[in-house]
There are 2 protein chains.
Amino acid sequence: MSDSKWYGRAGESGEVISSTRVRLARNLKNLPFPDRAGREEKEQVVEKVRDALLNGNSVLANDVKFFDLTELSREEAVSLAERHLVSPEFIAEREGRALLLSSDESISIMINEEDHLRIQVLREGQALKEALETADRIDTLLSERLDYAYDREFGYLTQCPTNLGTGMRASLTLHLPGLTESGSMGRIAENLSKLGMTLRGAFGEGTKALGEMYQLSNQITLGLSEGQAVENLLSIAGQLIEQEKRLRKDLLSTAQWQDQIFRAAGILRTARLMPGEEATRLLSLVRLGLSEGKLKGVDLGAVNGLSVRVQPATLMVGAGRQMSPEDRDRLRADILRDTFQNISI
Amino acid sequence: MSDSKWYGRAGESGEVISSTRVRLARNLKNLPFPDRAGREEKEQVVEKVRDALLNGNSVLANDVKFFDLTELSREEAVSLAERHLVSPEFIAEREGRALLLSSDESISIMINEEDHLRIQVLREGQALKEALETADRIDTLLSERLDYAYDREFGYLTQCPTNLGTGMRASLTLHLPGLTESGSMGRIAENLSKLGMTLRGAFGEGTKALGEMYQLSNQITLGLSEGQAVENLLSIAGQLIEQEKRLRKDLLSTAQWQDQIFRAAGILRTARLMPGEEATRLLSLVRLGLSEGKLKGVDLGAVNGLSVRVQPATLMVGAGRQMSPEDRDRLRADILRDTFQNISI
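Not measured: the values here are computed from a predicted model. (Residues numbered from 1 in each chain as written. Chains lettered and ligands numbered in written order. Predicted model: local features only at pLDDT ≥ 70, side-chain atom pairs only at ≥ 80, totals over all residues. Heavy atoms only, no water.)

With that settled, the discussion passes to the sheet that holds strand β9 (residues 197-201) of chain B. All names here are of chain B. With antiparallel pairing, eight strands are arranged side by side in an open sheet as β2-β3-β4-β5-β1-β8-β10-β9. Looking at strand neighbours, the two that pair on one side only are β2 (64-68) and β9, the edges of this open sheet. Recorded for the sheet is a direction-independent mean angle of 20 degrees between the axes of neighbouring strands. Pairing of β2 with strand β3 (residues 98-102), which is carried by five bridges, proceeds in the antiparallel orientation. (Pairing = 2+ DSSP bridges. Helix = DSSP H or I, 4+ residues; strand = E, 2+ residues; numbered from the N terminus. Axes fitted to C-alpha atoms, helices over the stretch in contact; angles between N-to-C directions.)

In structure tokens:
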């Protein structure tokens, strides 16, 4: 769980955009979609995809590891979801499912999730074009060795009609404490949905945005190229960043928010027990303080990395043992204290 | 409000006993008790007492200042009560009342409170005998120049019969987080009342002990000498200290209490707004941490001084201006941050 992982870094517009994700949904011709496939058919898919990627001399072939989901412990599987490498649905039923994962965890390919292939590229900060390019390169590589289900009219065929066409979903994870505090997130999300985009809480249930983290993604995959979809997202993200930055200035001019930000740093530096939800709340405040120059001494990338590393299952995988909730709260506090020991307060 | 005041220091058994108070109730012969006295009679008392103390060559005469209560601002008057130099009742109705106060504020004489004179000596830590000696010396000095109301059978005559006899009330302010957490304070207070002693929350209403601070005092003033009363208090205080220290060891071995103590230090070092009640709660935790060696870098005397200096009216008197509650929360946070900047966390 070192900083060699993509999520331990901060990228372009990192003060608002914590990460970028592009995923492509693909299916193989002449084989039923996973939810209608039997065990043998699923195993065929796994074998075909694995061979297509690993039996070759590509850079990717040397960097990617194959995981049979049934061979992972419960914690390892849950940790994959905590690291956003797989969907929660993917690990709920692991029979016949497999994962291909690059060493820095920025490329993950789920096999037999909703579709045969879910090619996913993750990057720190705003990196939509770069991520799309990487996804395209993998897609091209695979398409040379696999027969994709493709229709001239509908494009790539997918289990769910909302993915037909490009099969591409691109998203940005945005930290929006200013817009959240202003109370305008509901209205903005409504307007964006009319433009074919979705804006919702990145973590937590429904519209509740834990840590003021939101996910902005395209909804339209039919009749719009991948490049156009990405351009639309970039344009909207630019507007959101501008509004967010203006609102943050207002927030941070108040004693109440300064108080909250410095207290958060003080608590992260001192607590001996740290529940997960509190960590998320405090990391959001410290992220805001670091982004706007109120706090110093810790890299934004370290905060990005922490928000992954202190998740319950990932903590246990890191420690290499089962832990009680209190043990986890203690280890979480230790890791946070260690990272924040040099924060200016 | 510098540390030249008695309350900016820590004394004997300071880890549990924050301060000692001895007060003597005295009345002048041939003048009605204050609640039956007219304005002129009260003024006579004020004049007699002032002259008795200030017209002379005693060390005290040079060190003590006279204050006509009606000439103080509201904040100055309330601050006197916050510093425990006068009772809240004393400033509620200021006509005909005066105060004599030594420069380190360890000696205060209220004139025309419930009795004509309330001679009060305050000291840091456990200093019952020293405080009693000082009170006696002042009492002797005054008795040479004033005619006290004294009865061979009842001793010093006082407005309230519970003070008849010695007119002495001695008390210790105790910090008892261990005993509070153990839930045995109610039982202990009940047992002590049978022994003629009172144990109750030092601040706050009723039995609620803000900051886990309690006041232990003698109740019996008739048929028991001052020295005996002090010996009884010392004996009980010794037992309470022993129990408290044992319980603190148990508390501080738990992750929950370590967490609370270090968080308190972290928040005091970082907060930009600090409400009064929260300050009391956090100072109690930091006091515990410093006393037991979990925290370092700040003197216990500084914590004693702070708990007085950050009171609302005392804050305003120190700043020399009227302040809104938010302004006070800000100044309180600034003062606390300043004091705790070198605390080990």
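So that's the structure; there's more coming.
Turning our eyes to something else, we now look at the interface of chain B and chain A. Counting residues at the interface gives 19 residues for chain B and 19 residues for chain A. The largest per-residue losses of area from chain B upon contact with chain A belong to Arg263, Thr270 and Arg272 of chain B, which jointly make up 34% of the total buried on that side. Put simply, chain B and chain A have two salt bridges between them. At the surface where chain B touches chain A, the tally comes to 12 residue pairs in polar contact (both at pLDDT 80 or more). For the side of chain B that touches chain A, the secondary-structure elements that each account for two or more residues are α9 (255-270) and α13 (325-339) of chain B. Among the residues forming the side of chain B that touches chain A, the class breakdown is eight nonpolar, four polar and seven charged. (Contact = heavy atoms within 4.5 Å. Buried area = accessible area lost by both parts, 1.4 Å probe. Salt bridge = Lys/Arg side-chain N within 4 Å of Asp/Glu carboxyl O. Polar contact = N/O pair within 3.5 Å; in protein donor to acceptor, adjacent residues only side chain to side chain. Nonpolar A, V, L, I, M, F, W, Y, C, P; charged D, E, K, R; others polar.)

Turning our attention to the nonpolar core. Counting residues in hydrophobic clusters, the biggest one holds 60 residues, and the most contacted among them are Phe340 of chain A together with Phe340 of chain B. Apart from residues no more than four positions distant in its own chain, Phe340 of chain B is found in contact with Leu268, Arg269, Leu283, Val286, Val298, Val303 and Leu306 of chain B. (Core = buried A, V, L, I, M, F, W, Y, C linked by side-chain atoms within 4.5 Å. Buried < 20%, exposed > 50% of the residue type's maximum accessible area, 1.4 Å probe, protein only.)

It is worth spelling out the relation of the copies chain B and chain A at this point. Relating the two copies of this chain is a rotation about some axis coupled with a shift parallel to it. Once turned by 180 degrees and shifted 0.0 Å along the axis, chain B lies on chain A with an RMSD of 0.0 Å. In the structure described here, the two chain copies are related by an operation that fits a two-fold rotation axis. Relative to the rotation axis, the closest C-alpha in chain B is found at Gly266 of chain B, a distance of 2.2 Å. (Least-squares fit on C-alpha atoms with pLDDT ≥ 70 in both.)

By themselves, these observations are geometric and do not establish any function.
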